[in-house]
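Now for the letters of each chain:
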Amino acid sequence: MAEASVPQDLSSYEYEPSCPLPSGREARDHVISKGPCQPRDINFPLDNRNRKFLVSWYEKFPWLEYSVSLDKAFCFVCRVFNAQTSSRSEPIFIKTGFSNWKKSEVFAKHEKSDCHKHSLQAHRHWKSQKPIHHQIDEENERQESYRQQNQQYGTLATDGPEHKRNRHVAYRQLTRWCWGILGKEIRVPLPSCAVSCIRAHFPPPGLEDFEFEGFHFADE
């Protein structure tokens, strides 16, 4: 792949796993400091077996990243820190990408591989070499991102199983679309047709045995 051109303003540099890392030390460090590419608020496409990438895998495997353009998963630390010519490398997580969602157990197997352990150690070493103010800036960015997400979608958007988080976000967005921002602890019942549609789109496992909580006011 051709080398990526790096803009002068490094803070605006965007990338995903399908893009090459810049060769310059400063630009490369900047890209690495962003961490794994983990898009969440997108519609992940279904494969021919009606399976797709799951956001919940990010929590279980923090090193996992997803390429929107390729619909494939990569290992961030291996892609960045493991030489692709190394005999211990696993090209499917470094160069070609993984997309057999039916066999997601491969993620756990990769995590135990020598390739991954070596790359993880290199990543830790890289982090230990960074100036302290860079580490502080990164932590501040993570905290601000978390705060903005909670402000937009509420804390339930980051807690609980994926199907519950998705329904919460859908309910919240529908409410804002219909009534705007209501304010803390102000609730309104949503149209039953919309609720049924959201539940059908983000069903819990074992739907036939699942009981939804239903609407209630904040003081109930």
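None of these values were measured; they are calculated from a predicted model.

Engineer: Explain the pairing of strand E1 (residues 64–67) residue by residue, including any values.
Structural biologist: Residues Leu64 and Tyr66 point to one face of E1 and Glu65 and Ser67 to the other, with burial holding for every one of them. Where E1 and strand E2 (residues 72–75) come together, 4 bridges link them in antiparallel fashion. Residue pairing for E2: Tyr66 is matched across the bridge by Ala73.

Engineer: Describe in detail a positive patch on the surface, supporting the description with residues and values.
Structural biologist: Residues Arg49, Arg51, Lys102 and Lys103 make up a contiguous surface patch of positive charge. Classification of Arg49 by relative accessible area gives partly exposed; the value is 48%.

Engineer: Kindly report on helix H6 (residues 114–129), identifying the contributing residues and their values.
Structural biologist: Its 16 residues place the ends of H6 23 Å apart at the C-alpha level, agreeing with the 22 Å of an ideal helix rising 1.5 Å per residue. Every buried residue belonging to H6 is among Cys115, His116, Ser119, His123 and Trp126, and all of these are buried. For H6, the angular spread of the buried residues around the axis is 85 degrees, confining them to a single face. The outward face of H6, more than 90 degrees from its buried face, is lined by the exposed residues Asp114, Gln121, Arg124 and Gln129. Here the buried face of H6 lies against helix H1 (25–33), E2, helix H3 (76–81), helix H4 (91–96) and helix H5 (105–111).

Each value, and the rule that gives it
Residues numbered from 1 in each chain as written. Predicted model: local features only at pLDDT ≥ 70, side-chain atom pairs only at ≥ 80, totals over all residues. Heavy atoms only, no water. Buried < 20%, exposed > 50% of the residue type's maximum accessible area, 1.4 Å probe, protein only. Helix = DSSP H or I, 4+ residues; strand = E, 2+ residues; numbered from the N terminus. Pairing = 2+ DSSP bridges. Patch = residues over 30% accessible without salt bridge, like charges linked within 9 Å, V, L, I, M, F, W, Y side chains within 5 Å. Areas by Shrake-Rupley, 256 points an atom, 1.4 Å probe, with all protein chains shown as cover. Salt bridge = Lys/Arg side-chain N within 4 Å of Asp/Glu carboxyl O. Lys, Arg positive; Asp, Glu negative; His and termini not counted. Charge placed at Lys NZ, Arg CZ, Asp CG, Glu CD. Expected span 1.5 Å × (residues − 1). Arc of directions from axis to C-beta. Contact = heavy atoms within 4.5 Å.

Everything listed is a geometric property; what it means functionally is a separate question.
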